[in-house]
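Secondary and tertiary structure notes
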Amino acid sequence: MRAENYQQINHPPSHAFELNFGPNHPGIEGNYALQVQVEGDTVVQARADGGYLHRGFEKLMEQRLWIQNIALVPRICVPDPSPMEVCYSMAVEQIAGIEVPERAQWIRVMQLELSRIAAHLFTFGGHAATTGMYSPMFWGVADRDLILDLFEEFTGGRIYSIYNLPGGVRRELPEGFLQRVTDTLDYIESRLPDYDDLFFKNRVFIKRAKGVGVTEQAMALEYGVTGPNLRAAGLPFDVRRDDPYLVYEQLEFEVPTEEAGDAWARTLVRRSELIESIRIVRQVVAALPDIGGPLRTPIPNPLAWRVPAGESYARVESSKGELAYYVVSDGSEKPWRVHVRGPSSMHAVQVLEELVKGGRIEDVAQTMFSLDACPPEVDR
Amino acid sequence: MSDYNDEGSLLRPLRALSFLGRPAVTEPLEPRLAAEGYRGFHLNEHAECVGCSSCQKICDNAAITMVEVPELPNDEAKGIRNLRPAVDYGRCCWCALCVDICPTGSLSLSKEYVHTCTQEEIDSYFMLPNETGMHGTFYGKGWQKTETSDLLDLQRQEMGERPAELRVDNFDEIVDGFTPEQAMAEASRCVQCGMCHDACPTGMDAPEYIRSIYEGDLEQAVRWIYQSNPFSHVCGRVCTHRCEDACSIGVRGTPLAIRWLKRYAMDGVSHQRIQEITQEQRAAESTGHTVAVVGAGPAGLTTAWDLARKGHKVVVYESRQQPGGMPRYGIPEYRLPYEMLDRDIETITAMGVEIRCGEEVGKQVTMEQLQQEYDAVVLAIGLHLGRSTRIPGSDHAHVRSAVELLRQVTEEGTIEVPEEVVVIGGGNVAMDIARTVARLQRQQWGGVKTVVTALEAEENFLADPAEIREAAEEGVTICPSRGPQECVVEAGQLQSLRTWGVCSIFDQQGRFAPHYDEGDEQCHPAGMVIEAIGQMSNADQLLGDMLTERLEWDRGRLQVCENGRTSETWLWAAGDCVNGPDVVHAVADGHRVATSIDEVLRGALKHA
Amino acid sequence: MREGDSGKSERLRHLRSLTEIIDVAIQFELAAAEFYQQLQPQVSKPLRWLVESLAEEEKDHAERLGKLRYHPDLYQEIQQQIETPVTNLRFSDGLHTPDPKLLKSDQDVLQYALSRERLAMEQYRALAEATEPGEVKELFQWLADEEIEHKSELEKRYYALVHRGGGV
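Residues numbered from 1 in each chain as written. Chains lettered and ligands numbered in written order. Predicted model: local features only at pLDDT ≥ 70, side-chain atom pairs only at ≥ 80, totals over all residues. Heavy atoms only, no water.

1. Description of the sheet that holds strand 12 (residues 421-424) of chain B
Across a sheet, strands are paired by hydrogen bonds formed along the backbone, either parallel or antiparallel in direction. Residues and elements named next belong to chain B. Operational definition: A pair of strands counts as paired when DSSP detects no fewer than two bridges linking them. Put simply, DSSP marks the helices as runs of H or I at least four residues long and the strands as runs of E at least two long, and each gets a number from the N terminus on. Lines fitted to C-alpha atoms define the axes here, with helix axes fitted over just the stretch in contact, and angles between the N-to-C directions of these axes take values from 0 to 180 degrees. Contacts between residues were defined by any pair of non-hydrogen atoms, one from each residue, lying within 4.5 Å.
Strand order in this open sheet of five strands is 11-18-12-13-14, and the pairing throughout is parallel. Each edge of the open sheet is held by one strand with a lone partner, namely strand 11 (399-401) and strand 14 (477-479). For this sheet the average axis-to-axis angle between neighbouring strands, irrespective of direction, equals 25 degrees. In the sheet, strand 12 pairs with strand 18 (residues 528-531) via four bridges, with the strands oriented parallel. Residue pairing in the sheet places Ile424 in a bridge with Glu531 of strand 18. Sheet strands touched by helix 17 (residues 428-445): strand 12, strand 13 (450-453), strand 14 and strand 18. Its angle to strand 13, the strand with the most contacts, is close to 170 degrees.

2. Comments concerning the nonpolar core
Note the following rule: Nonpolar core, defined: a set of buried Ala, Val, Leu, Ile, Met, Phe, Trp, Tyr and Cys residues in which side-chain atoms within 4.5 Å join the residues together. Relative accessible area decides the class of each residue, using a 1.4 Å probe on protein chains only: under 20% of the type maximum gives buried, over 50% gives exposed, and in between gives partly exposed.
A:Met110, A:Ile117, A:Tyr325, B:Tyr209 and B:Ile213 are the most contacted members of the largest nonpolar core, which totals 224 residues. Among the elements that make up this core, the one with the highest residue count is helix 3 (residues 102-130) of chain A (12 residues). Beyond its immediate stretch of four places on either side in the chain, A:Met110 contacts A:Phe154, A:Leu173, A:Phe177, A:Leu178, A:Val281, A:Val284, A:Val285 and A:Leu288. Grouped together as the second largest cluster of nonpolar side chains are 31 residues, B:Cys487, B:Val529, C:Tyr36 and C:Leu154 included.

3. Focus on the environment of C:Gln40
Residues and elements named next belong to chain C. For clarity, the threshold we go by: Residues adjacent in sequence count toward polar contacts only when both atoms are side-chain atoms; beyond that, a polar contact is any pair of N or O atoms within 3.5 Å, and within protein one must be able to donate a hydrogen and the other to accept it.
Its place among the elements puts Gln40 in the loop between helix 2 (18-39) and helix 3 (48-69). A residue is classified by how much of its surface remains accessible, and Gln40, at 14% relative accessible area, is buried. On a C-alpha basis, the gap between Gln40 and Glu52 in space is 6.8 Å, while along the polypeptide they are 12 residues apart. Each residue touching Gln40, except ones within four places of it in the same chain, is listed here: Arg48, Val51 and Glu52. Within polar-contact distance, the side chain of Gln40 engages the side chain of Gln37 at 3.0 Å.

4. Section: the side chain of A:Ser344
Relative to the helices and strands, A:Ser344 is located in helix 11 (residues 344-347). Filtering out sequence-adjacent residues up to four positions away, A:Ser344 remains in contact with A:Lys320, A:Asp372, A:Ala373, A:Cys374, A:Glu377 and A:Val378.

5. So, the confidence of the model for chain B
Convention followed: As a per-residue measure, pLDDT tells how confident the predictor is, with possible values from 0 to 100.
In this model, chain B carries a mean pLDDT of 89, and residues with pLDDT of at least 70 account for 97%. The lowest-confidence element of chain B is helix 19 (residues 539-543) of chain B, averaging 82 in pLDDT; the highest-confidence one is strand 2 (residues 64-68) of chain B, averaging 95.

6. Side note on the domain arrangement of chain B
Going by this rule: Segmentation of the chain into domains, including their bounds, is taken from an automatic or database domain assignment.
By the assigned domains, chain B splits into domain 1 (42-127), domain 2 (164-281), domain 3 (293-375 + 537-608) and domain 4 (386-534). With centres defined by C-alpha atoms, the gap from domain 1 of chain B to domain 3 of chain B works out at 47 Å.

7. Details of the side chain of A:Ser277
All names here are of chain A. As for its placement among the helices and strands, Ser277 is situated in helix 10 (residues 263-287). In this structure Ser277 comes out as buried when scored by relative accessible area, which is 1%. Aside from chain neighbours lying at most four places away, what touches Ser277 is Glu113, Arg116 and Ile117.

8. Focus on the interface of chain C and chain B
Defined as follows: Accessible-area loss on putting two parts together, using a 1.4 Å probe and summing over both, is the definition of buried area adopted here. Whenever a carboxyl oxygen of Asp or Glu lies within 4 Å of a side-chain nitrogen of Lys or Arg, that contact is scored as a salt bridge. Following the grouping adopted for this structure description, the nonpolar residues are Ala, Val, Leu, Ile, Met, Phe, Trp, Tyr, Cys and Pro, the charged ones are Asp, Glu, Lys and Arg, and the polar ones are all others, Gly among them.
Chain C puts 30 residues into the contact, and the matching count from chain B is 33 residues. Taken over both partners, the interface formed by chain C and chain B buries close to 2,900 Å², and the fraction arising from carbon and sulfur atoms is 50%. The residue C:Asp106 makes a salt bridge to B:Arg387 at a minimum N-O spacing of 3.1 Å. Element by element, the count of residues in the side of chain C that touches chain B is highest for helix 6 (residues 135-163) of chain C, at eight residues. For the side of chain C that touches chain B, the residue count by class is nine nonpolar, 12 polar and nine charged.

Set out below in structure tokens:
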């Protein structure tokens, strides 16, 4: 080229470096991609790229009998499958007008709260790992395993319990089970001081978590964030209290809130919820021996059962927020449409993008875990 | 929660030393035994499983394939297939819905949950579960069907029935029939396994018509029913329901009320509409062939129906004044109202079948004439004569045969019955005559004194248990294990039936060989003794000596090939006279014979 | 069997050797088979199978007796077998005997055959009673037991044909 033909092109100053968090990344909860542009250590932009866990559940459910779906729904949220089962059953029960017997309702509450405890233990572990502490992760997973032992006992499956169906639950509790629940809860409660020492009162963690990923209440409400994330921003909204289902009205529990809305506040909220869940389960264990009756309202032959035409929206409080099922029936043996409102859909996408912007690289993973973003719920 | 700004003491980390005093948490390396009720790999009791395929239908991942295991028994009449479920663990999600729907309860999940293999052995993930488990070691049953988890409704909808005191002095039909809600609930119990279809001699499309009833489409149900049985008003009431004996739900619960559902569907569509529906299957043109049928019972009329639909001209010769055969002349009105039988017959005649009543073969017309005038002849005369015990005194005028008496009641509307009657026999005919006589006694004497005596013990009676129960409710006294010895006659008057007790003995082959206890003698007072021990026909008399000699016989009955054709190429035989008394086998025979005749005649048509 | 029935007892009464007695018994069975063979064309065609089967059975009885006659331990065999009690069902004993020239139905044929067996049984029993205790007495007893067995077989067939609803 001749020198007179050379034109200098002025590129914009390029300080940003594109960093891929995910889809396979220890700092990502599940299979999810977060593309962040960093300048130095600061994140200037983030783009959440989901879909890796899209398994087509909602379409699959349209092509299966109402009862066959109970085996599908727990798989929508891997760490906390029980609310999925209960919520689907509740939605179908609403359309079909089925009353769930009292004993089954109490057992469902126990199942949901045990699942919440297990999910929170899992989340603490994950959150700690993102800040470089692995011991709480092993502790969390190990103690969660004891809860999974309980699930194995009364539902037959450790994680995907497939224990609920429209009408109630599938089998009675084994002999002596309530005592083992109490023992496990006692053990977990006895471990809380250790957790405090190691994790919750750990000055390193507190310094890492404070001020990270601050959600203002207004922003949270605008994006539809629910659950511990919203409660950590100061609004005490809990479906169990504000739109009670099952037997929550008869139970005593607090709805913990914090004001700061940062990762630390969210952690504190979850810690308090863990304690409240233990309290709820103890109340259920105390009440169950006196509640007899059937465990299920029988449904007609499931190979031929037709749910009358109609629609329903049923919601429960899962460990991540308000989980809801919108089910439409056209009067046939299969659902016409099932839509799952996974609570993480609200805070794992745009909210996450907003929160990591302006933060540091090392806080990206922590933000996601502190939000307890669950990609299987987002993608379904 | 304490203040997080509190720095705490410097010695805080020393609290970690407490861990030295705590027992270490250890888990063994070997897989531990799972909890009770765990959902592991499948187990299947091959002896209990009947191969109904319900597990395959409910599996939401299509993980189950039914495979044939030739060594296992396959018995259509009992509802047992030699198919067993094979599971693909690449698809199975261990939800245990298959266990909870299994009608026999043979499926369960074990406590075993470990399986590893190399890539070459990848097919090992597809296996046929048996009693021991995936690797031949039994780890114990995990998730099993419990009453709570069972997904099937094992109880049948109760058929409303008139109570005994309201039904015993009249001949009105005693069952109410299903209401639409009952029919829907009963039809929903069906798992569509098809055992009923396989067990029915006519190959009835029961799963299909049950499904149509469930969908509320009774006309479609009637269409399905008429594919296999033009006598469905009759069979919906009195069939011997082999289907229900084979029903999978009946293994642990009460079988589907397949017969009552048929009644519901047939009664639910108007007579006119049924005729319109059946006319849809009529052939457009006549074949020009003619067929004579001797006997207007279920076998004869089914043959006639099939042949008429195909366009042949059929004439039925009936010796009695009305068509219908045993359903009319043998089955009492309270089980089968004449009106419903007439509907079935009208639907058949509307297809172009001509029935000539009062024309008895052997009297008004001979077999030779039929052979000459028609292209084919079918003998369907049934077993219309009753057998006699031939005990001393059985030739008295007041010792009657049950079939003959039932015929008389049908023809004349009623008969005079004495105040005390004894019936000999434990089959359905005995129950029919006993309950008929009981009603007449109630009408004529104000009370019931009818006794049924039979050689067999009550649990071995050939009669339907429901019939025995209803008879007892109506005041009939059942005396099982009595052997008739003599009809006691004094001064020309029948006084009683003398019986000895029977010590029932089965020999090594299980054959029943009654043995008397002469010390146990009873006299049952009777103004009439009715013998209901068995039936026979007088086919050889009807056919005439020459034809009887020409034909081949098989153990006393006309020899027929599997299509019902006798050794004479123009003569077929069907129904009770060939296969013994049973209405649904008679209908099945009718179909087979009609198909055979049609093939032969069309063969002739092609050559013509 | 009407013909020569008193002659039967006469022929046997004076015999003393076991093998001789059995030989005569075999003759009787063969004569019965012959009788049924001759009866066949006299009954209507549907009944001939039954009559033929009765002829076959009588031949089987003769064969059985034949095997016994050549048994090395004849007397021991007989002793062993008469120790096993044989139940006489008496199921058909009350029925009257039809005329062999007037057999019109299968029930008639079987009734007739039953009466023959009963008569044979009674004759052997009478012979046994009239004989001094010893080998011969036991042989007559054994022969009576055999006839009871035959009769029982026929009674089972009779029951299945007549009393089970026309054969299912």
